[in-house]
Every structure is written in C-alpha cells, then in structure tokens.
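What follows is the residue order along each chain.
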Amino acid sequence: MSNAFDVFISGNEIDLVVLEEATVLKTGWHSWFNDEDLTYHTGNHHYYPNTLSMQMEYFKTNIDGNREHIQLGIVHKKNSEFIGVGSISKINMLHRNCEVTILIGSKKHHNIKLFVESISLLIRHAFDHLNMEKVSAGTMNYNISLALQRMLGFTLEGVKRCDIYKHGRYHDCYMLSILRSEYHKEKIYE
C-alpha cells in the first residue's frame, strides 16, 4: 500500500503526499468534516454537511494546480494509512508569507507527536523551498496555541476576541507566527 501515494515530503513517522482525484474517492476524507467531535476546535468546518461530490469539487477548484495553496495528505508510514490533511495556504510571494493548517482525521492517530511532525514538515517546506519569511497559524484551542509556542517556536501575535461562533457561543482565536530568523531546524521535530 505504500506505493498507493505519491510522497511529496518524507518524515520520520508520517509522509506528506500529493492529493489526487483518486485520493478523494478512496480515503473518505470528506466525512471528517461531518464529524462534530473531530471538528470541535476548527473554525471553518461542521457548519454545513460535506459530501464526496463537494470534496471533489473543492479538490478541482482549490487544490489541483493551485499555486497559492498547497494541500497534502498525511499518511502514517507504519501502515500507509491516510490519517489527515495539511496545507500551506494564502501563499503570498510578494510579501513572502503564508499560513499552515493541519487536521488529523483519524481519531486513533490523535497525538501531539504526529501533529508536531506534520506541521514541522510544512513549516520546513515553507521556509526552505518556498522562501517564505513568515509562517502563520491560528487556532481557537488555547492548548494548541501553547504547543505551537513551546514546541515549535511560534510567537503569539494576538487574540481575535469572540472571532468564531461555534457550539452556541463565540470563541477567541489565537493568532501565531514564526519568522525565518526564529526558525531553527534543530528545534523542529524531524
């Protein structure tokens, strides 16, 4: 099964793989966005149902051939299981900045080690291959904010108060970034 995915970035426990139409069809990743528990801390999902055809349309419109958005699958090396998706988005070549996001869709793979490795690989690609000066991230989960700061060297830029409406109330969004000068490969999990 390891040949089933085209590896774009290789890590220790996971690989970031190229997404294709076949990936959308065979992985069922569209259903992750319908899972209320899984998307509990995401500000953009579980407001409307997601279907396979909607995910395919999103792939064709926003992923395939897009130079301002790189979305990759996360595959666990141990069993070649498709466990999540990650992206480098809002790539601005003029100002040399972008955003990174990760969603580990496989609940049995929800652990900080895989999250850190996934986002580390994206950050490294942004700095070393896309020549970014700044990589940003945002979360409505305070603990994820702390993990990004402590484990990866992100800086809290600010808090967007009552920015996301979810679960019947407004939530703050923690805005973080890391600059090229703050990025140290030895700090990042590899």
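Just so you know, these numbers come straight off a predicted model, no measurement behind them.

Caption draft 1: Quick look at the overall build of the chain. A tally of helices and strands in the chain yields four helices and eight strands. Listed N to C, the secondary structure of the chain is β-β-α-α-β-β-β-α-β-α-β-β in terms of helices and strands. Its C-alpha atoms give the chain a radius of gyration of 16 Å, near enough to 16 Å, the size a compact globule of 190 residues would have. Considered along the principal axes of its C-alpha atoms, the chain spans approximately 40 × 40 × 35 Å. Once local pairs closer than 6 in sequence are excluded, the contacts in the chain between residues at least 24 apart make up 59%. Summed over all atoms, the accessible surface of the chain reaches about 10,200 Å², with 49% contributed by carbon and sulfur. Here the chain contributes 20 positive and 22 negative side-chain charges, whose respective centroids are spaced 3 Å apart.

Caption draft 2: Examining the nonpolar core more closely. Ranked by internal contacts, the top residues of the largest apolar core, which has 33 residues, are L16, I88, I119, I123, V135, L148 and F154. Those elements giving two or more residues to this core turn out to be β2 (14–18), β3 (69–76), β4 (81–92), β5 (97–104), α3 (112–128), β6 (134–139), α4 (142–152) and β8 (169–179). Counting residues per element, this core draws most heavily on α3, at nine residues. Not counting the four nearest positions on each side in its chain, I88 is found in contact with E68, H69, I70, C98, E99, V100, L122, H125, A126 and L130. In terms of nonpolar packing, the next biggest core, distinct from the first, is built from 15 residues, L19, F33, V85 and L103 among them.

Parameters and conventions
Residues numbered from 1 in each chain as written. Predicted model: local features only at pLDDT ≥ 70, side-chain atom pairs only at ≥ 80, totals over all residues. Heavy atoms only, no water. Helix = DSSP H or I, 4+ residues; strand = E, 2+ residues; numbered from the N terminus. Rg over C-alpha atoms; globule rule 2.2 N^0.38 Å. Contact = heavy atoms within 4.5 Å. Areas by Shrake-Rupley, 256 points an atom, 1.4 Å probe, with all protein chains shown as cover. Lys, Arg positive; Asp, Glu negative; His and termini not counted. Charge placed at Lys NZ, Arg CZ, Asp CG, Glu CD. Core = buried A, V, L, I, M, F, W, Y, C linked by side-chain atoms within 4.5 Å. Buried < 20%, exposed > 50% of the residue type's maximum accessible area, 1.4 Å probe, protein only.

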